[in-house]
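Structural overview
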Amino acid sequence: MVRTPLTPWERERGEHFGALLREARGTRSMVEVAAAAGISAETLRKIETGRAPTPAFFTVAALAHALGLSLDELAAACALPAEDDQALSA
């Protein structure tokens with residue numbers, strides 16, 4: 001299966017998501033949070049740096065739980081702005 005290239009917006013969204021996770025992690029170590037989420041520290045590092053801009057849903061859910069974040073908050077923080085959403089549907 002060939003994966004289609006990400007759009008600039010998708011890459012930007014991945015970087016923004018990673019920054020949100022880094023901020024939520026605070027002073028906790030990457031290893032500590034990754035272990036709490038049941039993922040590798042390398043996977044968390046890739047997500048936080050934007051190198052893995054589209055993590056699987058269950059990875060996002062596990063990270064949200066480990067960091068005490070709601071999926072609704074994360075989705076809203078990473079959603080396409082309303083004016084851009086309207087332009088895509090036109």
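Note that residues are indexed from 1 along each chain, following the sequence as it is written. In view of the model being predicted, local features appear only for residues whose pLDDT reaches at least 70, and side-chain atom pairs are presented and counted only at 80 or more, with totals across whole chains, interfaces and linings using the full set of residues. With hydrogens and water set aside, each side-chain value is computed from the structure's full complement of heavy atoms.

Let's talk about the overall build of the protein
- Scanning the protein for helices and strands turns up six helices and zero strands.
- Element order for the protein, N to C, with α for helix and β for strand: α-α-α-α-α-α.
- Taken along its principal axes, the extent of the C-alpha atoms in the protein is 45 × 30 × 20 Å.
- Exposed residues in this analysis have more than 50% of their type's maximum accessible area, buried residues have under 20%, and partly exposed residues fall in between, with area computed by a 1.4 Å probe over protein chains only. Buried residues in the protein amount to 26% of all 90 residues.
- Excluding contacts between residues fewer than 6 apart, the proportion of contacts in the protein whose partners are at least 24 apart in sequence is 62%.
- Carbon and sulfur atoms make up 58% of the accessible area of the protein, which totals about 6000 Å².
- Separation of charge centres in the protein, based on 9 positive and 12 negative side chains, amounts to 11 Å. Each helix is a run of DSSP H or I of at least 4 residues and each strand a run of E of at least 2, with the numbering of both proceeding from the N terminus. By definition in these notes, contact holds between two residues if any of their heavy atoms fall within 4.5 Å. Note that accessible areas follow from Shrake-Rupley with a 1.4 Å probe, and for residues the cover is restricted to the protein chains shown. For this count, His and the chain ends are skipped, Lys and Arg are scored as positive, and Asp and Glu as negative. Think of each charge as sitting on NZ of Lys, CZ of Arg, CG of Asp or CD of Glu.

Thoughts on the side chain of Glu48
- As for its position among the elements, Glu48 is in helix 3 (residues 41-48).
- Only 2.8 Å separates the side chain of Glu48 from the side chain of Arg25, close enough to count as a polar contact.
- If we ignore the near neighbours within four places in the chain, the residues touching Glu48 are Gly18, Ala19, Leu21, Arg22, Arg25 and Met30. Definition of a polar contact: a pair of N or O atoms within 3.5 Å, with one able to donate and the other able to accept a hydrogen when the atoms are protein atoms, and with sequence-neighbouring residues admitted only if both atoms are side-chain atoms.

Digging into a nonpolar patch on the surface
- Patch definition: residues above 30% relative accessible area lacking any salt bridge, with like charges linked at up to 9 Å and the nonpolar side chains Val, Leu, Ile, Met, Phe, Trp and Tyr linked at up to 5 Å. What makes a salt bridge here is a side-chain nitrogen of Lys or Arg within 4 Å of a carboxyl oxygen of Asp or Glu, nothing more. On the surface, Phe57, Phe58 and Leu71 cluster together into a nonpolar patch covering about 360 Å² of accessible area.
- With respect to the element layout, Phe57 can be found in helix 4 (residues 57-67).

What about helix 3?
- Of the residues making up helix 3, those classed as buried are Leu44, Ile47 and Glu48. Projected down its long axis, helix 3 shows its buried positions confined to an angular sector of 95°, all on one face.
- Residues of helix 3 that are buried sit in contact with helix 1 (8-25), helix 2 (30-37) and helix 4. The reported arc concerns the directions from the helix axis to the C-beta atoms and nothing else.

Observations concerning helix 4
- Buried within helix 4 are the following residues: Thr59, Val60, Ala62, Leu63, Ala64, Ala66 and Leu67.
- If you follow the buried residues of helix 4, they end up packed against helix 1, helix 2, helix 3 and helix 5 (71-77).
- Of the residues trailing helix 4, Gly68 is marked for its positive phi of about 70°.

Quick notes on the side chain of Thr59
- The residue Thr59 is located in helix 4 in this model.
- Classification of Thr59 by relative accessible area gives buried; the value is 18%.
- Ignoring any residue separated from it by four or fewer positions in sequence, one finds Thr59 in contact with Ile39 and Ile47.

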